[in-house]
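A look at the structure
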Amino acid sequence: MTIDAQPSHYDTYYKTYAGMPVFCVLSGEHEDEPLPEDAGAVAWKLEASEFNDDLPAEITETFDWFLDNVDTAKVKAIVIGEWESSYETSNAPIIERLAASADRLPELRSVFVGAMSPEQSEISWIQQSDVTPLLEAYPKLERLEVRGGSGLAFPPVRHESLRVLRFETGGLPAEVVRGVGDSDLPALEHLELWFGVDEYGGDSTAADVAGILSGERLPALRYLGLQNCPYADELAAAVAAAPVVARLEALSLSMGSLGNDGAEALLSGQPLNHLRRLDLHHNYLSDTMAERLPAALPGVEVRLDDRRSREEDWRYVAVSE
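Residues numbered from 1 in each chain as written. Predicted model: local features only at pLDDT ≥ 70, side-chain atom pairs only at ≥ 80, totals over all residues. Heavy atoms only, no water.

**A look at the side chain of Ser101**
For the record, the criterion: Helix numbering and strand numbering both begin at the N terminus, where a helix is a DSSP run of H or I of at least 4 residues and a strand a DSSP run of E of at least 2. Residues count as neighbours in contact if any of their non-hydrogen atoms are within 4.5 Å of one another.
Inspection of the secondary structure assignment puts Ser101 in the loop between helix H3 (92-100) and strand E5 (110-113). Not counting chain neighbours up to four residues away, the residues in contact with Ser101 comprise Phe63, Leu67 and Tyr138.

**Observations regarding the packing of aromatic side chains**
Selection rule: Only the six-membered ring of Trp is used, alongside the rings of Phe and Tyr, when aromatic pairs are assigned; centres must lie within 6.5 Å, and planes under 30 degrees apart are stacked while those over 60 apart are edge-to-face, with the rest tilted. Partly exposed residues are those whose accessible area sits between 20% and 50% of the maximum for their type, while under 20% is buried and over 50% is exposed, using a 1.4 Å probe and protein chains only.
Overall, the coordinates contain 8 aromatic pairs when judged by the stated rule. Centre to centre, the rings of Phe154 and Phe167 are 5.6 Å apart; their planes meet at 80°, and the pair counts as edge-to-face. Of the two residues, Phe154 is situated in the loop between strand E6 (143-147) and strand E7 (164-168) and Phe167 in strand E7; the sequence distance between them amounts to 13 residues. Considered together, Phe154 and Phe167 belong to a single accessibility category, that of buried residues. Clustering of aromatic rings is evident, with ring pairs tying together Phe23, Trp44, Phe63 and Phe66.

**So, the nonpolar core**
Applicable threshold: In plain words, nonpolar cores are sets of buried Ala, Val, Leu, Ile, Met, Phe, Trp, Tyr and Cys residues tied together by side-chain atoms within 4.5 Å.
Ranked by internal contacts, the top residues of the largest apolar core, which has 83 residues, are Phe66, Leu98, Leu165, Phe167, Leu191, Leu224 and Leu226. When sequence neighbours within four positions are dropped, the list of residues in contact with Leu224 reads Leu191, Ile212, Leu213, Val244, Leu248, Ala250, Leu251 and Ser252. Counting 9 residues, the second largest nonpolar core, distinct from the first, contains Val22, Ala43, Phe112 and Ala115.

**So, the packing of helix H2 (residues 59-69) against H3**
Convention followed: The axes used here are C-alpha line fits, helices contributing only the stretch in contact, and every angle between their N-to-C directions lies in the interval 0 to 180 degrees. Should an angle fall under 35 degrees it is called roughly parallel, over 145 degrees roughly antiparallel, and 65 to 115 degrees roughly perpendicular, with every other angle called oblique. Definitions for this section: a left-handed crossing has its near helix turned counterclockwise from the far helix by less than a right angle. A right-handed crossing has that turn clockwise. Amino acids outside the nonpolar list (Ala, Val, Leu, Ile, Met, Phe, Trp, Tyr, Cys, Pro) and the charged list (Asp, Glu, Lys, Arg) are all regarded as polar, and Gly is one of them.
At their nearest, the axes of H2 and H3 sit 10 Å apart, and the two run at 20° to each other. Here H2 lies roughly parallel to H3, going by the angle between them. Once H2 is placed against H3, the crossing between them reads as right-handed. Contact residues: H2 offers Ile59, Thr60, Phe63, Asp64 and Leu67, while H3 offers Ile94, Arg97 and Leu98. Here the residues of the contact of H2 with H3 are counted per class, giving 5 nonpolar, 1 polar and 2 charged.

Structure below.
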């Protein structure tokens, strides 16, 4: 189930999710179509909006319709889109409702929370909440993805089945980073964190990533994305000596402020030749360093595109507001 990391295209989860087409309920898009014959063949998108008259004003109304009209016993994937005033109201009610409906959704394996375009809500405005009740309610859940870091919580958990965990944020709270590192996730193959900036709640430091980098609680990890990081050079130095790296197939330090110091740390640290892919796109590398990296890692797909000017007074991450 490992998936390649890339900057999220905001319309992705309007089209497909978890390998299935997305069916948006109550949006008007499908008013002339019958419901899918096989409820397990699509990812069901639940949303509400105070601006779109085709949608209910409250997402709990959408959820009521979903439970009443869909054979939820077959549903494998749910995408939670816009909820009422998602820029000022947390998603706690829908998280609680979804967790409480676990008996109605025995086959649920994939959940994305916060699939919104910038027109609906900028990523830093999305008001999240504690998402771990979903893991507690669904012991067979394999994939959990979240967009938006404001109000987000992830206290340490143990989950035997989760294989993909992703947080897309313009500001990821340090407590969430530590919570992931302190969680026991024996099946996790793909972990992706977008750190973001302090202005939008991204208050972590390289020290907060220590639990993840030890790899002690992540024995199955094969893809590690430590992305959109404003302290990417310091983080790269920690990664260069991290025990978890030896078992990875792919590593991403993309979308952040990586410069020559961080790249030098990667080159002088533990061997990286076992990697299938090293993604460092959106970086601040010199021409010389951009030539050295691929030359030093033959056989590794090294992505270095979207190089930024090194003459600027400050470096910025790819996603903030």
